[in-house]
Amino acid sequence: MPTSATTLPRHQHHIGGEQVAPESGEYIPSFNPATGRPWYEAAAGNAADVDRAVRAARTAFEDPRWRGLTATRRGRLLRRLGDLIGEHAEDLARCESLDNGKLLREMRGQLAVLPEYFYYFAGIADKVGGEVLHTMDPAIFNYTRREPVGVVGAITPWNSPLLLTSMKLAPALATGNTVVVKPSEHTSASLLRLVALLDEAGFPPGVVNVVTGHGRAAGAALVEHPGIDKVAFTGSTETGRAIAGTAGSRLARVSLELGGKSPNIVFSDADARSAAMGIVAGIFAAAGQTCVAGSRAFLHEDVHDEVLSLVTERAAAIRLGDPLDDATELGPLALREQLEKVRHYVGLGLQEGGKVVLGAAEPEGLGDGWYYQPTIFTETDNTMRICQEEIFGPVLTVMRFRDEEEAVALANATSYGLAAGVWTRDLARAHRMAAAIDAGTVWVNTYRAMSPLSPLGGFKQSGLGKENGPEVIHEYTRVKSVWINTSDEPMADPFVMR
């Protein structure tokens, strides 16, 4: 609940290069998942705060200090920002770990890579151009221009605030847009630290603004604001549909990175131990709180028992505990609500006839943190709710398959299409599976690999558009066609198409 009086540290909005208090005077507590206790408060934004931020972004977009900046100089700013992120990596990693419970060692690794996203788009900034097109009239010179879409509204989730926000910020800024970010109300701290680094890097005030607050207040106001030219959202499919409908009603552009129920498929010729570790990484890393979590394991009947045994053995040995401890392998769930959701789905799995071979309970001796044991269900059917609905927690369902055709059918029998894993030594099969699986990313003999150079985005109910790679430039630019008549001859018949 929002509060108006507290002894906790308070974070304000970041608008137009300044720290701005919320118009409502209210703040939202953010909880440390490892302790269950609040550790700061963030401004509770509303429509008035959003309007102020969008106006600041529009002013910055039209300001010659940004609009008149060459693409090469925009790239220099992005490179400087990447350098600053590297210099402040430890602080940013610790802040995010305190905010959402991710392992500090995982966040250190993520922060070591994060500057590369800004370096990559810094290099792309002055390579974005149009084309010269051939026409049927040699006197006509026709070319295209790629221009920024304008003011981007970015709405980002709680599971990886810095990474998922950077995937939007870097290409948006590289192409000359300005941005208003609405982070999750649960995890605002690390992003507010990041936006301070943009100021230090030399970005003009208002180029990036942050309004914190609840989705139903600040988030909805951002999507509905007529000054927002594009909405970039990462989150649940249900919320993504609502955003697409609202934005579509005023013809604003959207890109949506949504949910998943990704299959991890192990064939009989795979390296069983490597595949088992890939399954563990796919579902138990980050406590299963990733959109690409490999939550459905399909094991060929010839290796089912062996791989299941290896997965169960390793999962049973996972060390739960304080995410700031380097020895910890599984931290808490990020939210109390997420813990309750996991409990609910585990209960559903039992009601549906699934057999628990590991977990299905909260660990003892970890205080008031929001921890849940790694959980594995067998004897599940692909039609069960725990096999079809995104749980976003450390819950794995395991199913058998007989042949390649059945594996493809099972993998594709879901409304989602974000990612998939395939484990096989057969190169021809790997390519067949990559082509047949209906997902935006397919990993073969690995899982959760990611790069700023490679596009990320789902099929079906997993989203619209792409993040990362050269393809994302199209998400943040619009194309203009320019026609120039180079002839000195007077216009001919005015009643014909040219």
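Keep in mind that this is a model prediction, so the values were computed, not measured.

Overview of the UniProt feature "active site" (unreviewed entry) in the chain
(1) Moving on: Within the UniProt annotation, "active site" (unreviewed entry) is assigned to Glu 257.
(2) Moving on: With respect to the helices and strands, Glu 257 occurs in strand β12 (residues 253-257).
(3) Moving on: Judged by its relative accessible area of 3%, Glu 257 falls in the buried class.
(4) Moving on: Those residues in contact with Glu 257, other than ones at most four positions away along the chain, are Leu 164, Phe 233, Thr 234, Gly 235, Cys 291, Leu 418, Ser 462 and Glu 467.

Considering the packing of helix α6 (residues 161-174) against helix α7 (residues 189-201)
(1) Moving on: Interhelical geometry of α6 versus α7 gives an angle of 30 degrees and a closest axis separation of 10 Å. Classified by the angle their axes make, α6 and α7 are roughly parallel. Both α6 and α7 take part in a crossing whose hand is right-handed. Two secondary-structure elements touch here, α6 through Pro 161, Leu 162, Thr 165, Ser 166, Leu 169 and Leu 173 and α7 through Ser 190, Leu 191, Leu 194 and Leu 198.
(2) Moving on: Considering only residue class, the contact of α6 with α7 consists of seven nonpolar, three polar and no charged.

Observations concerning the pairing of strand β11 (residues 230-234)
(1) Moving on: The element β11 is extensively covered by neighbouring structure, given that five of its five residues are classed as buried.
(2) Moving on: Residues Lys 230, Ala 232 and Thr 234 line one face of β11 and the alternating positions Val 231 and Phe 233 line the opposite face, and both faces are buried.
(3) Moving on: Relative to β11, strand β8 (residues 151-155) runs parallel, the two sharing four bridges. If you follow Val 152 over to β11, its bridge partner there is Lys 230.
(4) Moving on: Bridge count for β11 against β12 is five bridges, and the pairing is parallel.

Considering the environment of Glu 131
(1) Moving on: Tracing the backbone shows Glu 131 in the loop between α5 (104-124) and β6 (132-133).
(2) Moving on: Sequence separation between Glu 131 and Trp 443 is 312 residues, and the spatial gap between their C-alpha atoms is 34 Å.
(3) Moving on: For Glu 131, the residues in contact, after removing those within four places along its chain, are Asn 142, Tyr 143 and Thr 144.

So, the nonpolar core
(1) Moving on: Core analysis: the largest hydrophobic core is formed by 63 residues, its most contacted members being Ile 265, Val 266, Val 307, Ile 376 and Leu 396.
(2) Moving on: Residue contributions to this core peak at seven residues, all from helix α10 (residues 272-284).
(3) Moving on: Once residues lying within four places of it in the same chain are set aside, the contact partners of Leu 396 are Ile 279, Ile 283, Phe 284, Gly 294, Ser 295, Arg 296, Ala 297, Val 311, Thr 375, Ile 376 and Phe 377.
(4) Moving on: Core analysis: the next-biggest nonpolar cluster, separate from the first, contains 51 residues, Ala 89, Ile 124, Val 179 and Val 208 among them.

Remarks on the side chain of Thr 397
(1) Moving on: By the element assignment, Thr 397 lies in strand β17 (residues 395-401).
(2) Moving on: Beyond its immediate chain neighbours, meaning those up to four positions away, Thr 397 contacts Ser 295, Arg 296, Ala 297, Phe 377, Thr 380, Ile 386 and Cys 387.

Considerations on the sheet that holds strand β4 (residues 27-32)
(1) Moving on: In space, the three strands of this open sheet follow the order β1-β5-β4, with mixed pairing throughout. The open sheet has two edge strands with one neighbour each: β1 (10-11) and β4.
(2) Moving on: Here six bridges tie β4 to strand β5 (residues 37-43), and the two strands are oriented antiparallel to one another. Opposite Tyr 27, over in β5, you have Ala 43 as the bridge partner.

Regarding the sheet that holds β17
(1) Moving on: Pairing is mixed in the open sheet, where seven strands are placed in the order β15-β16-β17-β14-β13-β19-β20. Bordering the open sheet on either side are β15 (355-358) and β20 (441-444), each of which pairs with just one other strand. Taken pair by pair, the neighbouring strands of this sheet meet at an average axis angle of 25 degrees, ignoring direction.
(2) Moving on: Bridge analysis of strand β14 (residues 296-300) against β17 gives five bridges, and the strand direction is parallel.

Examining a negative patch on the surface
(1) Moving on: Together, Glu 301, Asp 302, Asp 403 and Glu 405 make up a negatively charged patch on the protein surface.
(2) Moving on: Position of Asp 302 relative to the elements: it lies in the loop between β14 and α11 (304-316).

A few points about the environment of Arg 253
(1) Moving on: Structurally, the position occupied by Arg 253 is in strand β12.
(2) Moving on: Excluding residues within four positions of it along the chain, Arg 253 makes contact with Val 149, Asp 229, Lys 230, Val 231, His 474, Glu 475, Thr 477 and Arg 478.
(3) Moving on: For Arg 253, the side chain forms a polar contact with the main-chain oxygen of His 474, separated by 2.9 Å.

Section: the packing of aromatic side chains
(1) Moving on: Per the stated rule, a full pass over the model turns up eight aromatic pairs.
(2) Moving on: Here the aromatic rings of Trp 66 and Phe 203 are separated by 5.9 Å at their centres, their planes lie at 40 degrees, and the arrangement is tilted. With Trp 66 in helix α2 (residues 64-67) and Phe 203 in the loop between α7 and β10 (208-210), this pair connects stretches of sequence that are 137 residues apart. The two residues Trp 66 and Phe 203 agree in class, both being buried.
(3) Moving on: The ring centre of Phe 267 lies 4.4 Å from the NZ or CZ of Arg 429, which sits over that ring.

Side note on helix α1 (residues 47-62)
(1) Moving on: Helix length check: α1 (16 residues) gives 22 Å between terminal C-alpha atoms against 22 Å at 1.5 Å per residue, within 8%.
(2) Moving on: Of the positions making up α1, those classed as buried are Asp 49, Val 50, Ala 53, Val 54, Ala 56, Ala 57, Ala 60 and Phe 61. Angularly, the buried residues of α1 cover 160 degrees about the axis, an arc narrow enough to put them on a single face. Of the exposed residues in α1, those oriented more than 90 degrees away from the buried face are Arg 55, Thr 59 and Glu 62.
(3) Moving on: Where α1 begins, the capping side chain belongs to Asn 46, and its oxygen is found 3.0 Å from the backbone nitrogen of Ala 48.

What to know about the environment of Glu 41
(1) Moving on: Considering the arrangement of structural elements, one finds Glu 41 in strand β5.
(2) Moving on: Note on Glu 41: relative accessible area 2%, which makes it buried.
(3) Moving on: Considering only alpha carbons, one finds Glu 41 and His 11, 30 residues apart in sequence, at a separation of 6.1 Å.
(4) Moving on: Reaching out from Glu 41, the side chain makes a polar contact with the side chain of Arg 10 at a distance of 3.2 Å.

Conventions we followed
- Residues numbered from 1 in each chain as written.
- Predicted model: local features only at pLDDT ≥ 70, side-chain atom pairs only at ≥ 80, totals over all residues.
- Heavy atoms only, no water.
- UniProt positions renumbered as here; feature names shortened; annotations may be inferred.
- Helix = DSSP H or I, 4+ residues; strand = E, 2+ residues; numbered from the N terminus.
- Buried < 20%, exposed > 50% of the residue type's maximum accessible area, 1.4 Å probe, protein only.
- Contact = heavy atoms within 4.5 Å.
- Axes fitted to C-alpha atoms, helices over the stretch in contact; angles between N-to-C directions.
- Parallel < 35°, antiparallel > 145°, perpendicular 65-115°, else oblique.
- Left-handed = near helix turned anticlockwise from the far one by under 90°.
- Nonpolar A, V, L, I, M, F, W, Y, C, P; charged D, E, K, R; others polar.
- Pairing = 2+ DSSP bridges.
- Core = buried A, V, L, I, M, F, W, Y, C linked by side-chain atoms within 4.5 Å.
- Patch = residues over 30% accessible without salt bridge, like charges linked within 9 Å, V, L, I, M, F, W, Y side chains within 5 Å.
- Areas by Shrake-Rupley, 256 points an atom, 1.4 Å probe, with all protein chains shown as cover.
- Salt bridge = Lys/Arg side-chain N within 4 Å of Asp/Glu carboxyl O.
- Lys, Arg positive; Asp, Glu negative; His and termini not counted.
- Charge placed at Lys NZ, Arg CZ, Asp CG, Glu CD.
- Polar contact = N/O pair within 3.5 Å; in protein donor to acceptor, adjacent residues only side chain to side chain.
- Phe/Tyr/Trp six-rings, centres within 6.5 Å; stacked < 30°, edge-to-face > 60°.
- Lys NZ or Arg CZ within 6 Å of the ring centre and 35° of its normal.
- Expected span 1.5 Å × (residues − 1).
- Arc of directions from axis to C-beta.

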